[in-house]
Amino acid sequence: MTKKELTSVYYIKKEIKMWEEQLELIESKAEGKAMQITGLPFTPGTGSSDQMADLAIKAVSVRELIETKKRKLNQQQDRIISWIISIDDTVVRQIMLYRHVRCYSWNTVAQKIGITAESARKQHDRYLQQSQKGNK
C-alpha cells in the first residue's frame, strides 16, 4: 500500500464535505428563490423560466455525486483495513487505522496509543519504507 493510497481517504472525506457544503448552498438558494415572488413575467433570453427546477436538478446532481464519493470512500477504507489487518505489529496496525481510516492527527493517534506523536509518525514512516522495499 502506498502513502498516496493511504492518504486518499483523507482527501475523499474532504471532497465529500466540500460537495455537502455546495449542496447546502444550492438548497439555501432554493429556499430564497421560493420566497421571492416578483410578479414579473418571464422574459425570453434572460434565463430559465423555472429557477426552482434548475436548482432542484443541480441539487439532485450533487446528491448523486456525494453518494458516488461515499461509495468510493467505503471501498478505499475496506482496502486499507484489509491491508492493515495483515500487519504483524499491533502498534503499527493501530497507527495505520487511526491515521488513515479515521484520519486522526498525529497527536490524537499518539494519545490513543499512549506514545508520542513523533514516535507514531516515525514508526508509520519506517513501516511504509520497509514495506515498499519488500514490494520492489
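Below or above, wherever it landed, is the structure these notes cover. All of these numbers come straight from a predicted model, not from anything done at the bench. (Residues numbered from 1 in each chain as written. Predicted model: local features only at pLDDT ≥ 70, side-chain atom pairs only at ≥ 80, totals over all residues. Heavy atoms only, no water.)

Here we look at the packing of helix H3 (residues 90-101) against helix H4 (residues 106-113)
Across the interface, H3 lies against H4 with an axial gap of 10 Å and an inter-helix angle of 140°. As far as their axial angle goes, H4 and H3 are oblique. Where H3 crosses over H4, the handedness of that crossing is right-handed. Residues Val91, Gln94, Ile95, Tyr98 and Arg99 of H3 form the contact with H4, whose participating residues are Trp106, Val109, Lys112 and Ile113. Partitioning the contact of H3 with H4 into residue classes produces 6 nonpolar, 1 polar and 2 charged. (Axes fitted to C-alpha atoms, helices over the stretch in contact; angles between N-to-C directions. Helix = DSSP H or I, 4+ residues; strand = E, 2+ residues; numbered from the N terminus. Parallel < 35°, antiparallel > 145°, perpendicular 65-115°, else oblique. Left-handed = near helix turned anticlockwise from the far one by under 90°. Contact = heavy atoms within 4.5 Å. Nonpolar A, V, L, I, M, F, W, Y, C, P; charged D, E, K, R; others polar.)

Examining the nonpolar core
By size, the foremost hydrophobic cluster in this structure holds 21 residues, and its most contacted members are Leu6, Ile80, Trp83, Ile84 and Met96. Going through the elements one at a time, helix H1 (3-35), helix H2 (51-85) and H3 are the ones with two or more residues in this core. No other element matches the 8 residues that H2 contributes to this core. Non-local contacts of Met96, meaning those with residues more than four positions away in its chain, are made with Trp83, Ile84, Ile87, Val101, His124, Tyr127 and Leu128. (Core = buried A, V, L, I, M, F, W, Y, C linked by side-chain atoms within 4.5 Å. Buried < 20%, exposed > 50% of the residue type's maximum accessible area, 1.4 Å probe, protein only.)

Here's the deal with the packing of H2 against H3
Put simply, H2 and H3 touch, their axes get as near as 9 Å, and they point 170° apart. Our classification of the angle between H2 and H3 gives roughly antiparallel. Note on element contacts: H3 touches H2 through Arg93, Met96, Leu97, His100 and Val101, opposite Gln77, Ile80, Ile81, Trp83, Ile84 and Ile85.

Considerations on the packing of aromatic side chains
On inspection of all chains with the given rule, the structure shows 3 aromatic pairs. Seen from their ring centres, Tyr10 and Tyr11 are 4.9 Å apart, and the 85° between their planes marks the pair as edge-to-face. Residue class for Tyr10 comes out partly exposed when judged on its relative accessible area of 38%. When its relative accessible area of 52% is taken as the criterion, Tyr11 is described as exposed. When the ring of Tyr98 is compared with that of Tyr104, the centres are 5.6 Å apart and the planes differ by 20°; the resulting orientation is stacked. What makes Tyr98 buried here is its relative accessible area of 14%. Looking at Tyr104, the relative accessible area reads 25%, which means it is partly exposed. (Phe/Tyr/Trp six-rings, centres within 6.5 Å; stacked < 30°, edge-to-face > 60°.)

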